[in-house]
Amino acid sequence: MSKTNNPLHDPQKLSPATQMVHGGGMRTPFNETSEALFLNSGYTYPSSEHAELLFQNKIPGGHNYSRFANPTVDMFEDRMALLEGAEAGKAFASGMAAVTNAVMSQLRAGDHIVAAQALFGGCRYVVEDYAPRFGVQSTLADGRDPENFARAMRPNTKVVFIETPTNPTLELVDIRAVAEIAHAHGAKLIVDNVFSTALYQKPLELGADLVTYSATKHIDGQGRVLGGIVLGSKELIEGDVHMFLRQTGATLSAFNAWVLLKGLESYALRVERMTDSAEKVAAALAGHPKVERVIYPHHPSHPQYELAKRQMKRGSTLLAIDVKNGQQGAFALSDNLAVILISNNLGDAKSLITHPRTTTHARLSEEVRLETGVTPGLLRLSVGLEDPDDLIADLMYGLDQV
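Reading guide: rules and limits
- Sequence order as written defines residue numbering, which begins from 1 separately in each chain.
- Side-chain atom pairs in this predicted model are given and counted only at pLDDT of 80 or more, local residue features only at pLDDT of at least 70, and totals for whole chains, interfaces and linings cover all residues.
- The side-chain numbers reported here are obtained from all heavy atoms of the structure, hydrogens and water having been left aside.
- Segments assigned H or I by DSSP are reported as helices when at least four residues long, segments assigned E as strands when at least two residues long, and all are numbered from the N terminus.
- Here the globule rule reads 2.2 Å times residues to the power 0.38, and the radius of gyration is calculated from C-alpha atoms.
- Classification of residues uses two cut-offs on accessible area relative to the type maximum, computed with a 1.4 Å probe and protein chains only: under 20% is buried, over 50% is exposed, and between them is partly exposed.
- Contacts were defined at the residue level, with two residues in contact if any of their heavy atoms lie within 4.5 Å.
- Areas reported as accessible are Shrake-Rupley estimates using a 1.4 Å probe. Residue values count occlusion only from the protein chains shown.
- Here the positive residues are Lys and Arg and the negative ones are Asp and Glu; neither His nor the chain ends is included.
- Where a charge sits is defined by one atom per residue type, namely NZ (Lys), CZ (Arg), CG (Asp) or CD (Glu).
- All axes are obtained by fitting lines to C-alpha atoms, using only the stretch in contact for helices, and the reported angles, taken between N-to-C directions, cover 0 to 180 degrees.
- Note on convention: the crossing is left-handed when the near helix lies turned anticlockwise from the far helix by less than a right angle, right-handed when the turn is clockwise.
- Under the scheme applied here, ten amino acids are nonpolar (Ala, Val, Leu, Ile, Met, Phe, Trp, Tyr, Cys and Pro), four are charged (Asp, Glu, Lys and Arg), and all others, including Gly, are polar.
- UniProt positions are given in the numbering used here, feature names are shortened, and annotations may be inferred rather than shown by experiment.
- Here the rule is simple: two strands pair whenever DSSP picks up at least two bridges between them.
- For a crossover, the right-handed case is the one in which the path from the first strand over the helix to the second runs clockwise, viewed with the strands pointing away from the viewer.
- By convention here, the domain bounds are inherited from an automatic or database domain assignment.
- Joining two parts hides part of their accessible area as seen by a 1.4 Å probe, and the buried area is that hidden amount summed over both.
- Whenever a carboxyl oxygen of Asp or Glu lies within 4 Å of a side-chain nitrogen of Lys or Arg, that contact is scored as a salt bridge.
- Pairing of N or O atoms within 3.5 Å defines a polar contact, subject to two protein rules: one partner must be a possible hydrogen donor and the other a possible acceptor, and residues neighboring in sequence count only if both atoms are side-chain atoms.
- Cavity and pocket criteria rest on a 1 Å grid covering protein atoms alone: a 1.4 Å probe that fits but cannot get out defines a cavity, protein on both sides within 12 Å along at least 5 of 7 lines defines an open pocket, and an atom within 4 Å of a point defines a lining residue.
- Grid points are joined across faces, edges and corners, and a volume is the space filled by probe spheres set on the points.

Q: Can you explain the overall build of the chain? Please cite residues and give values.
A: Along the chain, the regular secondary structure elements total 15 helices and 12 strands. Radius of gyration (C-alpha) of the chain: 22 Å, near the 21 Å computed for a compact globule of 402 residues. Over its C-alpha atoms, taken along the principal directions, the chain stretches across nearly 75 × 50 × 35 Å. Looking at the chain as a whole, 55% of its 402 residues are labelled buried. Restricting the contact set of the chain to residue pairs at least 6 apart, pairs at least 24 apart contribute 74%. Accessible area for the chain stands at about 17,100 Å²; split by element, carbon and sulfur atoms hold 52% of it. Side-chain charges in the chain split into 37 positive and 45 negative, and the spacing between the mean points of these groups amounts to 2 Å.

Okay, structure coming up:
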């Protein structure tokens, strides 16, 4: 008998928490416990014929240059694919590099893209400003009603792109319904799943073709490195996604991949603890006299609460607070916090608060901001690992100053 006969030898049979510790691991002949860090840029070959076959993609799993592939990066990609339930993944230098690749690699001049109008500012830039430079038309739709996507589709629509929950207003998009609409028109659905995390929402199971993450957020989750990843079918990842990365060079460094592998080992513990606290914070702020509204997907006051319960296992780690007295009230709250830090990052071990109107969404016009719910009093709160009672006390003190 051998441990290879043990059913748990198959990583697919492991729970997500165990997959994040052991999944995708490879060991060198030194049999190290921690994943090896390969900092080399290039590789040598035993023969010229081997090099020829490698460059012809006839040797599976080979490496010829770290811009294309690296053993440490391979392990991060494989572990994330395991968690996501994807056939393959490709890692990038940042979340925006991942999003830009996922979208642009699927488009050609003359194509059309439909996207939800509620997007992170950088993502909206890719759709509205960047893609049209290369002859790709774009249409934005109110993502709260799937029929808006159906009305926006054209014969040349090749991509539908959504975030759900959205940044920063935590609107939801019905992934399954939009996937059906996209596929009926021969288009691919790309989902930015950062806010929900891979623990609580599975876009590929709901019909998405590609899923993107900023690994900078919950995956690292400790403010150390940048990274991004695109996940999907082997055909898409090893085809257009890989070729776009190969030619544009937005490669994840081996060191950052190693840090992200270490982050994944505690990923489930951190996200679950942060979600527990986010639920408590949302409940504590709901109904506060100086708060217009609290937006949290799994709070009953969320206008899409039933969709949230159906599509997301839990409400995740982020909420939005619309403070009375507009921007002045939002600034007064933020500037009087002692534990929660002002920062535009999210998914961190430290709780972070930001005012989207003047930071992440400052590039947009006031008309567009209001259209997408980014009001003057809106604050986005990323709940960290601190004691939730301390976070609530900190917020209550800040609200007393509004």
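Q: Help me get a handle on the packing of helix α11 (residues 267-285) against helix α15 (residues 388-400), residues and values and all.
A: Across the interface, α11 lies against α15 with an axial gap of 9 Å and an inter-helix angle of 35 degrees. For the crossing formed where α11 meets α15, the hand is right-handed. Taken together, the residues of α15 that come into contact with α11 (itself represented by Arg273, Ser277, Lys280, Val281, Ala284 and Leu285) are Pro388, Leu391, Ile392, Leu395, Met396 and Leu399. Looking at the contact of α11 with α15 residue by residue, the classes come out as 9 nonpolar, 1 polar and 2 charged.

Q: So what's going on with the UniProt feature "modified residue: N6-(pyridoxal phosphate)lysine" (unreviewed entry) in the chain? Which residues, and what values?
A: Residues annotated by UniProt as "modified residue: N6-(pyridoxal phosphate)lysine" (unreviewed entry) correspond here to Lys217. By the element assignment, Lys217 lies in helix α8 (residues 216-220). Judged by relative accessible area, which is 17%, Lys217 ranks as buried. The residues touching Lys217, leaving out its near neighbours within four places in the chain, are Val194, Asn345, Leu346 and Gly347.

Q: Tell me what's going on with the sheet that holds strand β2 (residues 112-116), and back it up with residues and numbers.
A: The strand order across the open sheet formed by 7 strands is β1-β7-β6-β5-β4-β2-β3, and the pairing between neighbours is mixed. Each of the sheet's edge strands pairs with one partner strand only, and the pair in question is β1 (88-92) and β3 (137-141). Along the sheet, successive strands turn relative to each other by an average axial angle of 20 degrees, direction set aside. Two strands pair when backbone bridges link them, and β2 and strand β4 (residues 157-163) are joined in this way by 4 bridges, in the parallel orientation. Bridge pairing in β4 places Val114 opposite Val160. Docked against the sheet, helix α3 (residues 71-84) engages β1, β6 (210-214) and β7 (228-232), running at close to 130 degrees with respect to β1. Together, β1, β2, β4, β5 (188-192), β6 and β7 form the strand contacts of helix α4 (residues 95-104), whose direction differs from that of β6 by roughly 160 degrees.

Q: Tell me about the sheet that holds strand β12 (residues 378-382), and name the residues and values.
A: The 5 strands are arranged β8-β9-β12-β11-β10 in an open sheet whose pairing can be described as mixed. Because the sheet does not close on itself, it has two edges, and the strands there are β8 (291-295) and β10 (341-342). Helix α13 (residues 326-335) rests against β9 (318-323), β10, β11 (352-354) and β12 of the sheet, and its axis sits at about 125 degrees to β9.

Q: Any chance you could break down unusual backbone geometry for me, citing the residues and the numbers?
A: In this structure, the amide linkage connecting Thr164 to the following residue, Pro165, adopts the cis form with an omega of -5 degrees. Tracing the chain through its elements places Pro165 in the loop between β4 and α7 (175-184). For the bond from Asn167 to Pro168, the omega torsion is 10 degrees, close enough to zero to count as cis. Its location among the elements puts Pro168 in the loop between β4 and α7. Positioned with a positive phi, Asn31 is a non-glycine residue whose angle comes to about 55 degrees. Relative to the elements of secondary structure, Asn31 occurs in the loop between α1 (16-22) and α2 (48-55).

Q: So what's going on with the side chain of Asp111? Residues and values would help.
A: Along the polypeptide, Asp111 turns up in the loop between α4 and β2. Non-local contacts of Asp111, meaning those with residues more than four positions away in its chain, are made with Gln106, Gly135, Val136, Gln137, Asn156 and Lys158.

Q: Explain the pairing of β4 residue by residue, including any values.
A: Most of β4 sits out of view: 6 of its 7 residues are buried. Pairing of β4 with β5, which is carried by 5 bridges, proceeds in the parallel orientation. What sits directly across from Val159, in β5, is Lys188. In the classification by handedness, the crossover that spans β4, the intervening α7 and the parallel β5 is right-handed.

Q: Give a detailed account of the domain arrangement of the chain, specifying residues and quantitative values.
A: Along its sequence, the chain is carved into domain 1 (3-263) and domain 2 (268-401). The centre of domain 1, based on its C-alpha atoms, is set 27 Å off from the matching centre of domain 2. The interface is formed by 40 residues belonging to domain 1 together with 39 residues belonging to domain 2. Buried surface at the junction of domain 1 and domain 2, both sides included, amounts to about 3,100 Å², of which 58% is carbon and sulfur. In this structure, the connection of domain 1 to domain 2 is made through 2 salt bridges. As a salt-bridge pair, Asp129 and Arg363 come within 3.6 Å of each other at their nearest N and O atoms. Remark: the boundary between domain 1 and domain 2 carries 19 residue pairs in polar contact (both at pLDDT 80 or more). Residue assignment for the side of domain 1 that touches domain 2 shows that the elements contributing at least two residues are α5 (121-130), α7 and α8. Classifying every residue of the side of domain 1 that touches domain 2 gives 17 nonpolar, 14 polar and 9 charged.

Q: Pulling in residues and values, what's your account of the layout of surface pockets?
A: Volume-wise, the largest pocket comes out at about 800 Å³. Along its surface, the largest pocket is lined by 25 residues, and Gly61, Gly62, Ala69, Lys90 and Glu238 are the ones closest to its centre. The set of elements that each furnish at least two residues to the lining of the largest pocket consists of α3, β1 and α9 (234-248). Tallying contributions element by element places α9 first for the lining of the largest pocket, with 6 residues. The residue makeup of the lining of the largest pocket, split by class, is 10 nonpolar, 7 polar and 8 charged. In this structure, the second largest pocket occupies an estimated 540 Å³ of space. Forming the boundary of the second largest pocket are 19 residues, of which His9, His22, Gly23, Gly25 and Arg27 lie nearest the centre.

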